[in-house]
Amino acid sequence: MDHSRVPVLEALQEFRRRGDVAYGPPGHKQGRGTDPRVAEILGMDVFRSDVLSLNGLDDRRQSQGVLEQAQELMADAVGAEQAFFSTCGSSLSVRTAMCSVAGPGEKLLVSRNAHKSVIAAVIINGMEPVWVHPKFDAERHMAHPPEADDVRNGLREHPDAKGMLLITPTDWGTCADVRAVADACHASDVPLIVDEAWGAHLPFHDGLPVWGMNADADLVVTSVHKMGGAIEQSSVFHLQHDRVSPTVLKQREDLLGTTSASTLIYAALDGWRRQMVEQGHDLLDAALHRAERVRARLRELPGLKVMGGEVVEEDLAAEFDPLKIVVDVRDLGISGMQAAEWLRANCHIDVGGSDTCRISASITHADDEETEKLLVESVRSLVERADSIERRPAVHLPEPGVLEAEQAVLPRDAFFGPAEQVPAERAVGRIAAETISPYPPGVPVVAPGEVITAAVLDYLRSGVAHGFLIPDAADSSLETLRVVARP
Ligand SMILES: Cc1ncc(COP(=O)(O)O)c(C=O)c1O
């Protein structure tokens, strides 16, 4: 295929060249009505290129097939049989993928180290999750994706399960053996869906962990705004084999997606694909060398543990994305969250992720010598000034196994059924009616339907005292919790 073509960008350029006037949305009419104070910050081009798909990018009958062509090029670029763009982020794509495989009341194996969007999908789709627990790395206090044996066992115990949802890479860049998990699923003739939100760059360099499509997964979802170069909310479904029907996927996407997809997102996806096909290998090669240099420099600093390839070990991670710079800061006497706050306030850098133990920074094709140096120098300042950072009450990190809660009620029933708000001390032993996800990384510690234990509550409440942000709990202070009402 001709990867120098960019159908969406070309159609947009043509729309602007013709100077079409639209009498439908968006009401700003390609910037005619945009307040100059807004344009001064956002730029007028954002508005000029903000057109609808129908009667904008393409005609009413989509007869030019602009989007189809762009999606075919994307599929070709990454070795998928088909690709579909979504402008609703992987939050919605994962939900769509899940409900394309398991309907209400049906079982789906789900890796429990899931992002809150996966738990939301379980609730809204009304499926019965069969949790597959991640590998808990006690030394690093980190969960790695589950292994093929865990999936095989799940499928043996639940032969009626419709498939498996695997999350890999994790927010911290550790990966599953996707091929082995796909083999386990295919041996039971069920599809493997991979939430590869963090893996949009993987198809374009063989020094990166194996890409889901190359590892035989059936349906892979990526967020191209995370490790790729498209704008926020850009997400792609990639499909191969015949275990998930493209018709079913499209219809379920239609059920959930917006009817006013952003052309800006489509255009950015289109451009990213061209850039990666033409220059991706070299750009990612440079990024990989940069990440190695950053890791080496940070390893020279006292009080830091910099994660690298050594995390790839039997019973831990199967692969590791070297573009993730993951640094454990506990020996500095502060948490990862405090380190992230300090770096933002004092060095004006925002690390992508932080939790009790660590910070993480992603190196992408966009980094250069300046951003490389800034990252290293900022972390060096953090190390030098760590003693001046206030000591906060410690988070009581849970022991391995503590987070594997009993699922007493279906998540949907617990979430939508009668519930009551009870003081935290009375919540122990009760069934959660809400999701509780410290953010970032947004992996729920408690999912609706799970039994709340004293150890989990102690961990969460010590986390709140330390500075956890819990946006999804009804009472984010966790003074009270929402639990299933007693009959
Ligand atoms: C593993 C995983 N899946 C899905 C999502 C949701 O992706 P998006 O932000 O594109 O909606 C995230 C977001 O952080 C994530 O980490």
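- Looking up the protein chain in an unreviewed UniProt entry gives the name Aminotransferase class I/II-fold pyridoxal phosphate-dependent enzyme, with the organism given as Streptomyces argyrophylli.
- One UniProt comment on the protein chain, placed under Sequence similarities (unreviewed entry), says "Belongs to the Orn/Lys/Arg decarboxylase class-I family."
- According to the UniProt record, the Cofactor (unreviewed entry) comment for the protein chain reads "pyridoxal 5'-phosphate".

Section: the UniProt feature "domain: Orn/Lys/Arg decarboxylase C-terminal" (unreviewed entry) in the protein chain
Okay, so step 1: The positions that UniProt labels "domain: Orn/Lys/Arg decarboxylase C-terminal" (unreviewed entry) are, in the present scheme, residues 417-462.
Okay, so step 2: Between the end C-alpha atoms of residues 417-462 there is a gap of 29 Å, over a span that is 20% helix and 11% strand.

Regarding the environment of K373
Okay, so step 1: Its location among the elements puts K373 in helix α12 (residues 369-385).
Okay, so step 2: Judged by relative accessible area, K373 falls into the exposed class, the value being 56%.
Okay, so step 3: Remark: the alpha-carbon pair of K373 and I193, spanning 180 residues in sequence, is separated by 38 Å.

Structural notes on the pattern of salt bridges
Okay, so step 1: Under the defined criterion, the tally for this structure stands at 29 salt bridges.
Okay, so step 2: In this structure, the salt-bridge partner of E372 is R290, at a minimum N-O distance of 2.7 Å. Of the two residues, E372 is situated in helix α12 and R290 in helix α10 (residues 263-299); the sequence distance between them amounts to 82 residues.
Okay, so step 3: Given the relative accessible area of 11%, R290 is considered buried.
Okay, so step 4: For D328, the salt bridge identified is with R330, shortest N-O distance 2.7 Å.
Okay, so step 5: Each of R16, D45 and R48 takes part in one network of salt bridges that share partners.

Remarks on the nonpolar core
Okay, so step 1: Counting 86 residues, the largest nonpolar core has V151, M164, L192, L298, L304 and L323 as the members making the most contacts within it.
Okay, so step 2: If one sorts the elements of this core by residue count, α10 sits on top with 13 residues.
Okay, so step 3: Per-domain counts for this core show at least three residues from each of domain 1 (7-274) and domain 2 (281-388).
Okay, so step 4: Those residues in contact with L304 that lie beyond four places of it in its chain are L298, V327, D328, V329, L332, V379 and V383.

Observations regarding the sheet that holds strand β14 (residues 353-354)
Okay, so step 1: Taken together, the four strands give an open sheet; going across it, the order is β11-β13-β15-β14, and neighbouring strands pair in antiparallel fashion. What marks the edges here is a single partner per strand, and that holds for β11 (305-306) and β14.
Okay, so step 2: Bridge count for strand β13 (residues 324-328) against strand β15 (residues 358-362) is five bridges, and the pairing is antiparallel. Bridged to I325 within β15 is A361.

Thresholds, definitions, all that
Residues numbered from 1 in each chain as written. Predicted model: local features only at pLDDT ≥ 70, side-chain atom pairs only at ≥ 80, totals over all residues. Heavy atoms only, no water. UniProt positions renumbered as here; feature names shortened; annotations may be inferred. Helix = DSSP H or I, 4+ residues; strand = E, 2+ residues; numbered from the N terminus. Buried < 20%, exposed > 50% of the residue type's maximum accessible area, 1.4 Å probe, protein only. Salt bridge = Lys/Arg side-chain N within 4 Å of Asp/Glu carboxyl O. Core = buried A, V, L, I, M, F, W, Y, C linked by side-chain atoms within 4.5 Å. Domains from an automatic or database assignment. Contact = heavy atoms within 4.5 Å. Pairing = 2+ DSSP bridges.

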